[in-house]
Structure formats: C-alpha cells, structure tokens
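Take a look at the letters that make up each chain.
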Amino acid sequence: MSLNRFRLRMAEEISKTKLGSSSSSSSSVAASAATNAAKSRWKILWPNSLRWIPTSTDNIIAAENRLLSILKTPYIQEQVNIGSGPPGSKIRWFRSSSDESRYINTVTFDAKEGSPTLVMVHGYAASQGFFFRNFDALASRFKVIAIDQLGWGGSSRPDFTCKSTEETEAWFIDSFEEWRKSKNLSNFILLGHSFGGYVAAKYALKHPEHVQHLVLVGSAGFSAESDAKSEWLTKFRATWKGALLNHLWESNFTPQKLIRGLGPWGPGLVNRYTSARFGAHSVGTVLTDEESRLLTDYVYHTLAAKASGELCLKYIFSFGAFARKPLLQSASEWKVPTTFIYGMNDWMNYQGAMEARKHMKVPCEIIRVPQGGHFVFIDNPAGFHSAVMYACRKYISQDSSHQELIPDGFQLV
C-alpha cells in the first residue's frame, strides 16, 4: 500500500468515526461502541511497529506463549475473572463509571493426580513468565499454577487509585483472594519472589486457613528505614544526588516509565539489561541465545504496557527499598510454616529472615543456594528446584523410602 493510499484510507476511517459519533450522540451506549470500533480500526491501520510504544495486551500474551513454547510440560493459559471489586471492600480496584470485570492471567501445568498445589507469585517489574526455567522440573512433583498479579503482565491493568500503604496492600491481597475463590483453591503451597514474597506473606497473615506452606524467595519487606543499617541512606539523602533520587521515588517515577519514554528504543535498553544480568554478569547458568531472545521480548512487553500495579512502589517501600510496614513487625503473628530461600549472592539480606524467625511461633527454615543472586531461580534453576523440593518434602514424599536431602554446597542457616 502506497503512502498516499494509506493516508487516504486513514482519512476515510476518521471521517466514518466522526459521522458515527455525531449520529449516536443521543445514545451513550452507541457512542461507546463507536469509540471502541474506532480504536479497533486505528490499531489495524496503525501497525504495532509504527507506534511510539510498540506493545499491547495481545503482544504480552503472544510473547508469553513464545517464551513458554520451549517447555515440555503441557499447560493451560486462562484469564480468571475476579469481578469488579472485592465484596465489602471500601476501595475499588479501578477508576471507572462501569462495573467492568477484571482478570488475572493464569497458567496451570499438567500434573500427576494427587500432587500438591504450588502457586507461584512473581516480584516487582516481573511476571509469571520469569519462572520459565522452573515450570518443567516443578511440574514433575507439583500441580504448578503461576499468576500475573493484578496490574502486571497479561492481567488486567486498572487505573491505580490507591493512596496509602493499607489500600495498596488490599489491592494485591484482595485481588489474589478473589482469584483463589474463582479457582476454588485451598490448602496450597504459596511461593512468592521478592515483592511477590511480601504479598504472599501478607496474604498468609490474612488468610492462613488456605495456605499449607509459605515459600519466600529473596523476599522483600523485612527491613525498615529505622534500622541501624539505614544510616548510610540518611547521609546519602543529604547529597544532591540522594535528594534527586528520593524526589523521583516519592514522585512514583518507576523504571517502566523510562522504558515507555524511550518509545521504539525501549526494546534495545531491555535487551542490554537482560543480556547483562542473565549473561555477562550472571553468577550462575547463563541463558541460551534462544532463552535470552524470548525473555527479552517478553520482559519488554510486560514493562512497556500501561502503568498499573507498578505504581505501588512508593506506598509499599520508602526510598532504599525499606518497607513502610515491615514483615518483621508481624512475625509473631504468622500461622503458616515458612521456608526462606536466598541465593548466596542475593542483594536481599537473609539476616532479616533470621531476625523474623526469632519471633515466629511456627516452623521456619532458611536455605541459601549457591551460584544464585536475587533471581536464583534463573541463575541456578537446578539448585532452586532442590531447595523448593526440600522445603516441601513433607508434602511430596509419599514414599518413606524417598527423602529429599539438602544438596552439598547449600546452607541451612
């Protein structure tokens, strides 16, 4: 199609849209339909490669399918309806004049009958596809279900309207609970990574009756700004660089905004990050060329999509990733047996878990995995699988002759 014909066709479509809008002014329903139709035509006429931010929800799901295509275990991908808001909640999940339902993107892997259920929750600036190196191995022993939290990945991305730590926690905890009800789940093992570990722990505090065991991988949220080790932060804030970064944090400037701002150059920046983090600077097993290409594509689309769940950052953490409501404060109230897993090179300090264990009244283990950083499940997938199997040994070892042992090189703290 020539440029002139392309412009002519666009002009015709815009004209049709205007005519349709004026003729339906007496009907809000018809106007809404015309607007949606115009948006659909615009997407057709304006190909993805020509948009400033070349992504969409369809692109996210397509990238997810490409990434998971390298797996051997069959799975089902679904959009689980969680309704328009949690019953009895004083806040809404989105700013809208309608009661539009919201969905949680979910993948469920085939498993042997009777296998314990393992629900996996991703961290900040991530999505369930980050566990792509783990699904096959874990599905051999568990019924694995992984989700994109509300506002992340391929899940619905409502306008983020929370204005406090309490509302923000409710956004994630209540939406997860509605998802659990829709899936009719109970008595499951809940695994959360980083910020997902914070959400998983907070969920288990509120709904302990549904969680069989809690596995927190490099969990965020144990340190507070009042800790003695935060003294360096106070000094840093006094500098002009610290003041600027603190201002950006409190203004809710997220890494994703940078990706969007770069438009068509965003994919290149993401590629440099994934190549460096999981390649040249990896402390474990580097990604293959195919894995790197597929993960980079997937990460870009999940980061560049509409801002939603990412805006939780300043309400959950203060500058320096210090929790505004540290998990340590509620450690004595935990009712679910817990295992902490950390990579040996994780920048998240495992000593926070050690301090929490002093106050916990339930069984608690801390495992450190060699050749692994904060993304230990990508850096050292085999080691991570062994740690998870060991943590859940009482649920998966039906045969008394088969006992999960902690591998050499691991640390039980």
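Residues numbered from 1 in each chain as written. Predicted model: local features only at pLDDT ≥ 70, side-chain atom pairs only at ≥ 80, totals over all residues. Heavy atoms only, no water.

A word on the pairing of strand E9 (residues 338-343). Counting buried positions over the six residues of E9 gives six, a clear majority of the element. Of the two faces of E9, the one carrying Thr 338, Phe 340 and Tyr 342 and the one carrying Thr 339, Ile 341 and Gly 343 are both buried. Direction of pairing for strand E6 (residues 211-217) relative to E9: parallel, over a ladder of four bridges. Opposite Leu 214, over in E9, you have Thr 338 as the bridge partner. Two strands pair when backbone bridges link them, and E9 and strand E10 (residues 364-369) are joined in this way by six bridges, in the parallel orientation. Looking at E10, one finds that Tyr 342 is bridged to Arg 368. With helix H13 (residues 351-359) bridging E9 and its parallel neighbour E10, the resulting β-α-β unit is right-handed. (Buried < 20%, exposed > 50% of the residue type's maximum accessible area, 1.4 Å probe, protein only. Helix = DSSP H or I, 4+ residues; strand = E, 2+ residues; numbered from the N terminus. Pairing = 2+ DSSP bridges. Right-handed = clockwise from strand over helix to strand, strands pointing away.)

With that settled, consider the packing of helix H5 (residues 165-183) against helix H6 (residues 195-206). Contact geometry for H5 and H6: axes closest at 10 Å, N-to-C directions at 70°. Put simply, H5 runs roughly perpendicular to H6. When the axes of H5 and H6 are compared, the crossing they make is right-handed. In contact with Glu 169, Phe 172, Ile 173, Asp 174, Phe 176, Glu 177 and Arg 180 of H5, H6 contributes Phe 195, Tyr 198, Val 199, Lys 202, Tyr 203 and Lys 206. Here the contact of H5 with H6 is composed, by residue class, of seven nonpolar, no polar and six charged. (Axes fitted to C-alpha atoms, helices over the stretch in contact; angles between N-to-C directions. Parallel < 35°, antiparallel > 145°, perpendicular 65-115°, else oblique. Left-handed = near helix turned anticlockwise from the far one by under 90°. Contact = heavy atoms within 4.5 Å. Nonpolar A, V, L, I, M, F, W, Y, C, P; charged D, E, K, R; others polar.)

On the surface, a nonpolar cluster with roughly 600 Å² of combined accessible area is contributed by Trp 240, Leu 244, Leu 245, Leu 248, Phe 253 and Leu 258. Counting residues per element, the nonpolar patch draws most heavily on helix H8 (residues 240-250), at four residues. With respect to the secondary-structure elements, Leu 244 resides in helix H8. (Patch = residues over 30% accessible without salt bridge, like charges linked within 9 Å, V, L, I, M, F, W, Y side chains within 5 Å. Areas by Shrake-Rupley, 256 points an atom, 1.4 Å probe, with all protein chains shown as cover. Salt bridge = Lys/Arg side-chain N within 4 Å of Asp/Glu carboxyl O.)

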